[in-house]
Amino acid sequence: REESEVVSSSGTRFLLLVEPLSTNAGTAGAVVLGASLARGDALRATVRFSFLIGAILGAILVGLAASRLMLLALAPLDRLVQATRRVAGGDLSVRVSEEGAAGEVGQLARAFDAMVVRLEEVFEAQRRFVADASHELRTPLTAISGMLEMLEIGADRGDPVQKGRVLRALTHEVERMARLLAGLLALSKFEGDERKSESVQLDEMVSDLRPVLEALTRDHEIRLIIENVPPVRGDRDQLEQVVVNLVENATKYSVPGGQVTATIGPSVAGDRVILQVSDTGVGIAAEALPHLFEPFYRADASRSRRTGGSGLGLAIVHSIVQAHGGKIEVASVVGKGSSFTIELPAVANDRALSPAGGRSSQDA
């Protein structure tokens, strides 16, 4: 018995089964059975086509689902890109983080929002600074303009006493404006991190400043309490400015005869240097304490203007201390006085800090 496939001239496949007929004399013939395979071929072609269509449709569906998931995954990033463009255009009110957002995208969104908040604070501070500076400069300029106009129209009527009074007032306003501009330039320099980096012995520095501090407090009692301290790293000129500004501020808000005390010593752990300037003056109201280090802020505006203050002294102190990696705190009781405490990081040195081996001075 034999099986074979044949293809007709029309292309149809047939399965042939050949069964030989045998006799005693040998093979007498054969029986041939044939069956068309057209239906099987058609069914197989249909199945193949169906599988092909199914695979294509499956690939399309998977692609659409993947695209949808990708869009959903990238939507926060797209919102972040749009928000960045809005911020670049000046809109600082935009926020992108969502409550409960997790993962790296959520962290990125929260970091973006924190950055925008900080930018908003900086721009608001800058706007307020420019407005305050303009106001402070406009005041003496207006006074100068008015007095010059008086002289121009002869309002003094040739009286030398009256003319001298006007000229002295002009000089006062010019000096006041010069102090204000010097303070603005100093604040800009300190905030720009333009400082030297050298080893500074604050105890020796304060001792060297004694003549200057005594001149500043000629109507007050000045006490210097100086202990042996490790050095700090920074700009000596700027650190001297800190001490001078704090002592000068203390004298302005103390009545003549009041006491101003400058203390320098190490922290308990010895890793920081403590500088404290205290006074027995009028004190500062609690609601004013958070604003003391803002440029142009005055706890007592009328008193500051009478004493020639520009409202920049404590802002300069704050900027210098921050630039040196330190911190400043203030405590005050109205009617009893104020105390400004500065902590600066110390650097290692070989000087002994023990009470027996260290240098200490106390002057009344």
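This text follows the structure it describes.
Just so it is clear, the model here is predicted, and its values are computed rather than measured. (Residues numbered from 1 in each chain as written. Predicted model: local features only at pLDDT ≥ 70, side-chain atom pairs only at ≥ 80, totals over all residues. Heavy atoms only, no water.)

Visitor: When you look at the overall build of the protein in this model, what are you seeing that I'm missing?
Guide: Secondary structure assignment for the protein yields eight helices and eleven strands. Evaluated residue by residue, the protein yields a buried proportion of 30% over its 364 residues. When the accessible surface of the protein is split by element, carbon and sulfur atoms take 58% of a total near 22,000 Å². (Helix = DSSP H or I, 4+ residues; strand = E, 2+ residues; numbered from the N terminus. Buried < 20%, exposed > 50% of the residue type's maximum accessible area, 1.4 Å probe, protein only. Areas by Shrake-Rupley, 256 points an atom, 1.4 Å probe, with all protein chains shown as cover.)

Visitor: So what exactly am I meant to see when it comes to helix 8 (residues 313–323) here?
Guide: What sets the pattern is the α-helix's 3.6 residues per turn: residues three or four places apart point alike. The buried fraction of helix 8 amounts to eight of the eleven residues, a majority that puts the element mostly inside the structure. Burial in helix 8 covers these residues: L314, A315, I316, V317, S319, I320, V321 and A323. Positive backbone phi, at 75°, marks G325, one or two positions downstream of helix 8.

Visitor: Explanation requested: a nonpolar patch on the surface in the structure shown.
Guide: Together, F49, L52, I53, I56, L57, I60, L61 and L64 make up a nonpolar patch on the protein surface, roughly 780 Å² of accessible area in all. Take L52: it is sitting in helix 1 (residues 38–88). (Patch = residues over 30% accessible without salt bridge, like charges linked within 9 Å, V, L, I, M, F, W, Y side chains within 5 Å. Salt bridge = Lys/Arg side-chain N within 4 Å of Asp/Glu carboxyl O.)

Visitor: I tried to follow the packing of aromatic side chains on my own but got confused; where do I start?
Guide: Two aromatic rings, taken as a pair, are described by how far apart their centres are and by the angle between their planes. Evaluation of the coordinates by the stated rule reveals one aromatic pair. Seen in terms of ring centroids, F293 and F340 are 6.4 Å apart; in terms of plane orientation they differ by 75°. Their pairing is edge-to-face. Taken together, the residues span a long stretch of sequence, with F293 in the loop between strand 8 (272–279) and helix 7 (301–306) and F340 in strand 10 (residues 337–345) at a distance of 47 residues. One exposure class covers both F293 and F340, and it is buried. (Phe/Tyr/Trp six-rings, centres within 6.5 Å; stacked < 30°, edge-to-face > 60°.)

Visitor: Where do I start with the nonpolar core in this structure?
Guide: Proteins that are soluble and globular tend to have nonpolar side chains buried together. Counting 43 residues, the largest nonpolar core has L202, V242, V243, L246, F340 and I342 as its most contacted members. Looking at this core, the elements with two or more residues in it are helix 3 (160–191), helix 4 (202–208), strand 5 (221–227), helix 6 (236–252), strand 7 (259–266), strand 8, helix 8 and strand 10. The biggest single contributor to this core is helix 6, with seven residues. In contact with L246, not counting residues within four places along its chain, are V277, L314, V317, F340 and I342. If you look at the next biggest cluster of nonpolar residues, it comprises nine residues, including L80, L92, A109 and V116. (Core = buried A, V, L, I, M, F, W, Y, C linked by side-chain atoms within 4.5 Å. Contact = heavy atoms within 4.5 Å.)

Visitor: How do you make sense of the pairing of strand 5 when you look at a structure like this?
Guide: Moving residue by residue along a regular strand, the side chains alternate between the two faces of the sheet. Summarising burial for strand 5: five of the seven residues are buried, a large majority. Bridge count between strand 5 and strand 7: six bridges; the pairing is parallel. Paired with I222 across the bridge in strand 7 is V260. (Pairing = 2+ DSSP bridges.)

Visitor: Looking at this model, I keep getting lost on the packing of helix 6 against helix 8. Mind explaining?
Guide: In a packed pair of helices, the relevant descriptors are the angle between the two axes and the axis-to-axis distance. One can describe the packing of helix 6 onto helix 8 by two numbers: an axis separation of 9 Å at closest approach and a directional angle of 145°. Both helix 6 and helix 8 take part in a crossing whose hand is left-handed. Between helix 6 and helix 8, the residues in contact are Q238, Q241, V242, N245, L246 and N249 and G313, L314, I316, V317, I320 and V321, respectively. Grouping the constituent residues of the contact of helix 6 with helix 8 by class yields seven nonpolar, five polar and no charged. (Axes fitted to C-alpha atoms, helices over the stretch in contact; angles between N-to-C directions. Left-handed = near helix turned anticlockwise from the far one by under 90°. Nonpolar A, V, L, I, M, F, W, Y, C, P; charged D, E, K, R; others polar.)

Visitor: What am I meant to see in the side chain of D235 here?
Guide: Take D235: it is sitting in the loop between strand 6 (232–234) and helix 6. At 3.0 Å, the side chain of D235 forms a polar contact with the backbone nitrogen of D237. (Polar contact = N/O pair within 3.5 Å; in protein donor to acceptor, adjacent residues only side chain to side chain.)

Visitor: Help me understand the pairing of strand 9 (residues 327–333) in this model?
Guide: Examined bridge by bridge, strand 9 and strand 10 share seven bridges and lie antiparallel to one another. Following the sheet pairing, I328 is matched in strand 10 by I342. Counted between consecutive antiparallel strands, the loop separating strand 9 from strand 10 contains three residues, among which G335 sits at a positive phi close to 90°.

Visitor: What exactly am I supposed to notice about helix 6 here?
Guide: The end-to-end C-alpha distance of helix 6, which contains 17 residues, comes to 24 Å, matching closely the 24 Å that a straight helix rising 1.5 Å per residue would cover. Where helix 6 is concerned, the buried positions are Q238, L239, V242, V243, V244, N245, L246, V247, N249, A250 and T251. A side-chain oxygen of the first residue of helix 6 lies 3.0 Å from the backbone nitrogen of D237; this N-cap is D235. (Expected span 1.5 Å × (residues − 1).)

Visitor: I keep staring at the pattern of salt bridges and nothing clicks. Help me out?
Guide: Pairing of side chains with opposite charge becomes possible as their charged atoms draw close. Inspection of the entire model under this criterion finds six salt bridges. Note that R236 and D208 form a salt bridge whose closest N and O atoms lie 3.0 Å from each other. With R236 in helix 6 and D208 in helix 4, this residue pair connects regions lying 28 residues apart in the sequence. Put simply, R236 and E240 hold a salt bridge, and the shortest N to O gap is 3.1 Å. A residue pair is termed a helical-turn pair when its members lie 3 or 4 positions apart in one helix, as R236 and E240 do in helix 6 at four residues. Residue class for E240 comes out partly exposed when judged on its relative accessible area of 22%. Through salt bridges that share partners, D208, R236 and E240 make up one connected network.

Visitor: What is the right way to look at the side chain of H324 in this model?
Guide: Relative to the helices and strands, H324 is located in the loop between helix 8 and strand 9. In terms of polar contacts, H324 uses its side chain to reach the backbone carbonyl oxygen of I320, at 2.8 Å.

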